[in-house]
Amino acid sequence: MWKRMLSLTRKEFSQILRDKALLFILAWAFTGAIYTAGHGMSMEVERFPTVIYDIDKGPLSRELVSRFRMPYFKVLAYLHREEEITQWLDSGKASMAVVIPPDFQRKVSGNTEAKIQVITDGTISMSATIAIAYVAQIASSYSIEVLEKQGMVTRSTFENLPLIDERLRVEFNPNILSSWFTSLLELLNMFTMVSLLLTAAAMVREKEYGTLEQLLASPLRPGEIFMAKIIPTIIIVLSLSFLSIFLVLKPAFGVPIRGSLFLFYSIAAIYVFTMSSLGIAIAVVARNLAQAMMIMLLILAPMLFLSGAWTPPEAMAPWMQWASHISPMRYFIDFGYSVLFKGNGIAYVWQDIVGIMLMGILLFGFSRWWFGRTISK
Amino acid sequence: MHSRIYAIIRKETRELIRDPVYLGLALIVPLLLKLLFGYGLIMDVKNIPVLFYDQDHSPLSREYIHSFTNSEYFRNTGMAKNYREIDYAIRSGKVRVVVVIPPDFSRRLHEGKLAQIQFLVDGSFPMRAEVVKGYVAAINAQFNQIMVTNYLTSRGQTAATVFPISVEGRAWYNPSLESKNFIIPGLLVTTLMFYPALLAALVVVREKESGTIFNIYCSPVKPWEVVAGKAIPYIGVAFIDYVFIFLMSVMLFKVKFIGSFLLLTMGALLYIACTIGIGLLISIISRTQIAAMLITFLGTMVPAFLYSGFMSPITSQDVTGQIVSRFIPATYFMGMVRGIYLKGLGFDYYLWDLITLTIYASIVYGIAIFSFRKRTG
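Residues numbered from 1 in each chain as written. Chains lettered and ligands numbered in written order. Predicted model: local features only at pLDDT ≥ 70, side-chain atom pairs only at ≥ 80, totals over all residues.

### Quick look at the overall build of chain A
Scanning chain A from terminus to terminus reveals 15 helices and five strands. A compact globule built from 377 residues would reach a C-alpha radius of gyration of about 21 Å, whereas chain A, at 29 Å, exceeds it by more than 25%. Along the longest, intermediate and shortest principal axes, the C-alpha atoms of chain A span 95 × 50 × 40 Å. In chain A, which comprises 377 residues, the proportion classed as buried is 46%. (Helix = DSSP H or I, 4+ residues; strand = E, 2+ residues; numbered from the N terminus. Rg over C-alpha atoms; globule rule 2.2 N^0.38 Å. Buried ≥ 20, exposed ≤ 12 C-beta atoms within 10 Å, placed from the backbone.)

### Description of the overall build of chain B
Each helix and strand counted, chain B has 15 helices and five strands in total. A compact globule built from 377 residues would reach a C-alpha radius of gyration of about 21 Å, whereas chain B, at 29 Å, exceeds it by more than 25%. Dimensions of chain B along its principal axes, counting C-alpha atoms only, are 95 × 50 × 40 Å. In chain B, the proportion of contacts linking residues at least 24 apart, taken out of those at least 6 apart, comes to 80%. (Contact = placed C-beta atoms within 7 Å.)

### Considerations on the interface of chain A and chain B
Taken together, the contact between chain A and chain B spans 99 residues of the former and 103 residues of the latter. Broken down by element, the residue count for the side of chain A that touches chain B peaks at 14 residues, all from helix α7 (residues 125–149) of chain A. When its residues are assigned to classes, the side of chain A that touches chain B shows 59 nonpolar, 24 polar and 16 charged. Relative to strand β5 (residues 165–172) of chain B, strand β4 (residues 114–121) of chain A is paired through eight bridges, and the arrangement is parallel. Each residue of the ladder has a partner; that of V118 of chain A, found in β5 of chain B, is G169 of chain B. (Nonpolar A, V, L, I, M, F, W, Y, C, P; charged D, E, K, R; others polar. Pairing = 2+ DSSP bridges.)

### What to know about unusual backbone geometry
Backbone geometry at K57 of chain A places phi at a positive 60 degrees, although glycine is not the residue there. Secondary-structure assignment places K57 of chain A in the loop between β1 (48–54) and α4 (59–65). Given 13 C-beta atoms within 10 Å, K57 of chain A falls into the partly exposed group. One non-glycine residue with positive phi stands out, namely Y173 of chain B, at about 70 degrees.

### What to know about the pairing of strand β1 (residues 48–54) of chain B
For a regular strand, the rule is simple: side chains alternate between the two faces of the sheet. Residues and elements named next belong to chain B. Both β1 and strand β2 (residues 74–79) contribute to a ladder of four bridges, which runs parallel. Bridge pairing in β2 places V50 opposite N76. As a crossover connection, the stretch from β1 through helix α3 (residues 59–69) into β2 is right-handed. As paired elements, β1 and strand β3 (residues 97–101) share five bridges and run parallel to each other. Bridge pairing in β3 places L51 opposite V98. (Right-handed = clockwise from strand over helix to strand, strands pointing away.)

### Description of the nonpolar core
By size, the foremost hydrophobic cluster in this structure holds 227 residues, and its most contacted members are L184 and L197 of chain A together with M293 of chain B. Each residue touching L184 of chain A, except ones within four places of it in the same chain, is listed here: L249, V255, G336, Y337, L340 and F341 of chain A. (Core = buried A, V, L, I, M, F, W, Y, C linked by C-beta atoms within 7 Å.)

### Topic: the environment of L300 of chain A
Residues and elements named next belong to chain A. The topology assignment puts L300 in helix α12 (residues 289–306). By C-beta crowding, L300 is classed as partly exposed, having 19 other C-beta atoms within 10 Å. Sequence separation of L300 and S327 is 27 residues, and the distance between their C-alpha atoms is 9.7 Å.

### Observations concerning the sheet that holds β2 of chain B
Across the sheet, which stays open at both edges, the five strands sit in the order β5(A)-β4(B)-β3(B)-β1(B)-β2(B) with mixed pairing between neighbours. This sheet does not close on itself; its edge strands, each paired only once, are β5 (164–171) of chain A together with β2 of chain B. Going across the sheet, the axis of each strand differs from the next one's by a mean of 25 degrees, ignoring polarity. Looking at chain direction, β5 of chain A and strand β4 (residues 115–122) of chain B are connected through eight bridges and run parallel. (Axes fitted to C-alpha atoms, helices over the stretch in contact; angles between N-to-C directions.)

### Observations regarding the packing of helix α10 (residues 222–253) of chain A against helix α11 (residues 261–285) of chain A
Residue and element names in this part refer to chain A. Look at α10 against α11: their axes get within 9 Å of each other, and the N-to-C directions meet at 135 degrees. In terms of axis orientation, α10 runs oblique to α11. When the axes of α10 and α11 are compared, the crossing they make is right-handed. Across the interface between the two elements, F226, K229, I230, T233, I234, V237 and L238 of α10 pack against Y265, A268, A269, V272, F273, S276, S277 and I280 of α11. For the contact of α10 with α11, a count of residues per class yields eleven nonpolar, three polar and one charged. (Parallel < 35°, antiparallel > 145°, perpendicular 65-115°, else oblique. Left-handed = near helix turned anticlockwise from the far one by under 90°.)

### Some remarks on the packing of α3 of chain B against helix α6 (residues 126–154) of chain B
Residue and element names in this part refer to chain B. At their nearest, the axes of α3 and α6 sit 10 Å apart, and the two run at 135 degrees to each other. Our classification of the angle between α3 and α6 gives oblique. Our pair here, α3 against α6, has a crossing hand that is right-handed. Seen from α3, the contacting residues are Y64, S67 and F68; seen from α6, they are I139, Q142 and F143. When the residues that make up the contact of α3 with α6 are grouped by side-chain class, the tally is four nonpolar, two polar and no charged.

### Considerations on the pairing of strand β3 (residues 96–100) of chain A
All names here are of chain A. Extensive coverage of β3 is indicated by the burial of five of its five residues. Residues of β3 alternate between two faces, with M96, V98 and I100 on one and A97 and V99 on the opposite face, all of them buried. Across four bridges, the pairing between β3 and β4 is antiparallel. Across the sheet, the residue bridging to V99 is Q117, located in β4.

### Some thoughts on the environment of M293 of chain B
Inspection of the secondary structure puts M293 of chain B in helix α12 (residues 289–306). Remark: the alpha-carbon pair of M293 of chain B and L120 of chain B, spanning 173 residues in sequence, is separated by 44 Å. Residue contacts for M293 of chain B: discarding those within four places in its chain leaves L197, A201, L289 and M293 of chain A together with A201 and L202 of chain B.

### Side note on α10 of chain A
All names here are of chain A. Helix length check: α10 (32 residues) gives 44 Å between terminal C-alpha atoms against 46 Å at 1.5 Å per residue, within 8%. Taken as a whole, α10 carries its principal kink of about 30 degrees at I245. Of the residues trailing α10, G254 is marked for its positive phi of about 70 degrees. (Expected span 1.5 Å × (residues − 1). Bend = angle between axes of the 7 residues up to and from the residue.)

### Structural notes on the sheet that holds β4 of chain A
Taken in spatial order, the five strands make up an open sheet running β2(A)-β1(A)-β3(A)-β4(A)-β5(B), and their pairing is mixed. Strand pairing shows two members of the sheet lacking a second neighbour, β2 (73–78) of chain A together with β5 of chain B, which therefore form its edges. If you compare each strand with its neighbour and ignore which way they point, the axes differ by 25 degrees on average. The pairing of β1 of chain A with β2 of chain A spans five bridges and is parallel.

### Things to note about the confidence of the model for chain B
Averaged over chain B, the pLDDT score is 87; the fraction of residues at 70 or greater is 95%. Ranking the elements of chain B by mean pLDDT puts α6 of chain B last with 82 and helix α11 (residues 261–285) of chain B first with 95. (pLDDT = per-residue confidence, 0-100.)

### Examining α6 of chain B
The end-to-end C-alpha distance of α6 of chain B, which contains 29 residues, comes to 42 Å, matching closely the 42 Å that a straight helix rising 1.5 Å per residue would cover. Listed in full, the buried residues belonging to α6 of chain B are P126, R128, A129, V132, V136 and I139 of chain B. Buried residues belonging to α6 of chain B abut β5 and α8 (178–209) of chain A together with β1, α3, β3 and β4 of chain B.

Shown next, in the form of structure tokens:
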């Protein structure tokens, strides 16, 4: 039995290794794609295109205007008429306009409240919200400076008041670098995507070529055919992911790998088996690769949302939380961050491991049952 | 000549219709994706599980804890008794924030002194960590204000100092900064980037694998006729998808739409032509279906979400990101879609985008036709 399976595995291997374009794209998936993802996803707002309409033009307002600096704001123009704001924002060339009222100088020095107006482009609501928060910070720190200059407050004022001194520490990622998160997430996503696509395509191909009949006529049993498709995927994905960790995650982004790589790779192997089994299950149902691709898209998208990486588990509706338990990806994302990033041991992740294994057995079993019911008859 | 193109179109259309499972999936999948993305992408950070370690046990510390538990953003998961519990809770991801109140908390505040509070925030998901930081700061600021006012009034002083500068934020086009007005039109662009490309990715390479491509090689049909004949039926399918997605966005998600549908459709047609063209190009240069599928998945999906300006504006990207964004059609369509949906601007604002998309399409089809060589072996 082992010998039969081994020879089919060898055939699968050479089929993959002979496809140079495929090898290249696989290597890219685990290096370049992870690098670009780690770079591309920044939630910080930088170089926000800004125009300024300073009606007051006094020394205080000019000082305030000078605070709108790179890297957060890129001041594109100083306007002279109100209509210009509409032009800049309509055309999308600027995303924010700061209007300083004519009585700014008088009010600030007269110790009453002066209002500056910030108009943002609401079509990019997320960045607009962040940009307004930045402006509020600029305004309050400038306010304190003005008060200090006027002698209203001094540094010691704050020491003799009952205030809370906030000592905040961010665990695991002290500087809140989004590249640590996205690059690791992309690696875990690649495990998911490549295992699923590669195995499903290898299986569907036999159907399209009509070579499945040959395999059925051979003494190979369905389970052995499946395993021969799954084993090359496991080996390829695991070895390529070494590249990601040691060529991209560590050197390019400095992601700390705190946990045991041995634990990670043993469970990752099982996860690749589970996702490959899902690929096999799709392949035995679909008639050609185009169909299989659509079904995979349909399964991958909800899995991404239920994985807990984008929508945190605590924000999900109860039915979503429930549904997430049948997604192997949810367990793997949790497992991956827990082990690689937080450095947790098996005591923290045994539930994830059980989940991954159970889903793998279920999917593999389903494929065999469906295969036996439909194709091998 | 016309009859040759017509013949290819007819053949491709018939192939589509004769695989009703695929055609059905091709029409339904983007709708389901849109539903999932529209409802599944919950960006609001609410119900953050928080753990308290109250070493003070005073009425004041309980009051402070209440300021967290009363807010909808935090969900109390209980009281820790020692640091070991805290460590376990944050490592396992069961809580996202830990608040440690020191034993001298109320004593120091009653004496009018600074009191330290320690916060531990789970940094595995940077986006959420940033938001949590903001919430914590807001709660502390509020608590501080109450403390200071009480303290000063009890000593017969008034809390006089107001900040001289305040910021009034206004968002045009989307005054309440509703995230659906931002996400749903953006999704139209990203979905129509990767989905048509996937539809077309197998069209040519499939024939290479099955060998039917030799029928084309041997016929008098010219490369451009093959490319056009294969593109047109799929542009048709993707166009129907576009209409469905648009209707969903306005009728189901009730996104504000004040622009011209005709203009949007013009842009969409050009854009779909571009993305179908990308899929065809990949299909022409690949030798196996499996490679074509992987290249399309990686080459369109990731850039569509990361580099099109969907989440964060392109101006915030670093140089690499800005260069990548210039190479994908989504960048040119994104501003147009958001503008037409929410700003309601007319043709002359988007003339340049339309021209760019036209140039883009001609380049893609040019390369595709050039790469499609009749060859044997």
